[in-house]
Amino acid sequence: MSSAFSADDGVPSVLEPGHFSEAEDDEPAEPSPSPEVVYLPCQRVMHSGEHSSTVELRRTDHDELALPVFTSLERLVACCGGNQAWVSVESSSIDDIVARSGADAVAVDQMMPGTEEENR
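First, a word on what this report is: a plain description of the structure on this page. Each chain has its residues counted from 1, running along the sequence as written. Per-residue local features of the predicted model are confined to residues with pLDDT of at least 70, and side-chain atom pairs are confined, for both listing and counting, to 80 or more; whole-chain, interface and lining totals are unaffected and use all residues. For side-chain calculations, the full set of non-hydrogen atoms in the structure is used, while hydrogens and water are omitted.

**Looking at the nonpolar core**
So, step 1. To qualify as a nonpolar core, a set must consist of buried Ala, Val, Leu, Ile, Met, Phe, Trp, Tyr and Cys residues joined through side-chain atoms within 4.5 Å. For each residue, the accessible area found with a 1.4 Å probe, counting protein chains only, is set against the maximum for its type, and the residue is called buried under 20%, exposed over 50%, and partly exposed in between. Ranked by internal contacts, the top residues of the largest apolar core, which has 14 residues, are L40, L67, V69, V89, I94, V98 and V106.
So, step 2. Secondary-structure elements contributing two or more residues to this core are β1 (37-47), β4 (65-69), β5 (86-90), α2 (94-101) and β6 (105-108).
So, step 3. Listed in part, the 6 residues of the second largest apolar core include Y39, F70, L76 and M112. Helix and strand labels come from DSSP, where a helix needs a run of H or I of at least four residues and a strand needs a run of E of at least two; each type is numbered from the N terminus.

In structure tokens:
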């Protein structure tokens, strides 16, 4: 069984931060396939009587700390399971979230460990 963040050839299926940024080359850009809103797995916590959410970071096979990002709620449920807490954010805020969270990379639409067994 292959890992959630690794392709079959052992190369991490992880995109570097900046993936959602606009290209800076001179060639005309094709329409961006990135959605305006993306979904992030999170943990819901209660602090001082109020609920808040903290995004979850995951380790890749190459020990990178990755921010899981899903392009639709359906993809999040398929990759993380139906009980996963989540938040939706504008895709334009991903680079800021990566910087503030300390993530090394962004993992887009990747299966999370243990989810395959949960979905059976």
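**Overview of the pattern of salt bridges**
So, step 1. A carboxyl oxygen of Asp or Glu within 4 Å of a side-chain nitrogen of Lys or Arg is what we treat as a salt bridge. Under the counting rule described, the total for this entry stands at 3 salt bridges.
So, step 2. Measuring nitrogen to oxygen at the nearest pair gives 2.4 Å for the salt bridge that ties R58 to E56. E56 matches R58 in its accessibility class, with the two residues each being buried.

**Details of helix α1 (residues 73-80)**
So, step 1. Along α1, the residues that are buried comprise L76, C79 and C80. The arc that holds every buried residue of α1, seen down its axis, measures 80°, which confines them to one face. Read the arc as the range of directions from the helix axis to the C-beta atoms.

**A short note on the sheet that holds β6**
So, step 1. Taken together, 3 strands build an open sheet; the order of strands is β3-β4-β6 and the sheet is mixed. The open sheet has two free edges, formed respectively by β3 (58-59) and β6, since each of these has just one partner strand.
So, step 2. In terms of strand pairing, β4 meets β6 through 4 bridges, oriented parallel. Bridge pairing in β6 places A66 opposite A105.
So, step 3. It only takes one pair of heavy atoms within 4.5 Å for two residues to be counted as in contact. In this analysis, axes come from line fits to C-alpha atoms, helices being fitted only over the stretch in contact, and the angle between any two N-to-C directions falls in the range 0 to 180 degrees. Helix-sheet contacts for α2 involve β4 and β6, and the interaxial angle to β4 is about 145°. By definition, two strands form a pair when at least two bridges between them are found by DSSP.

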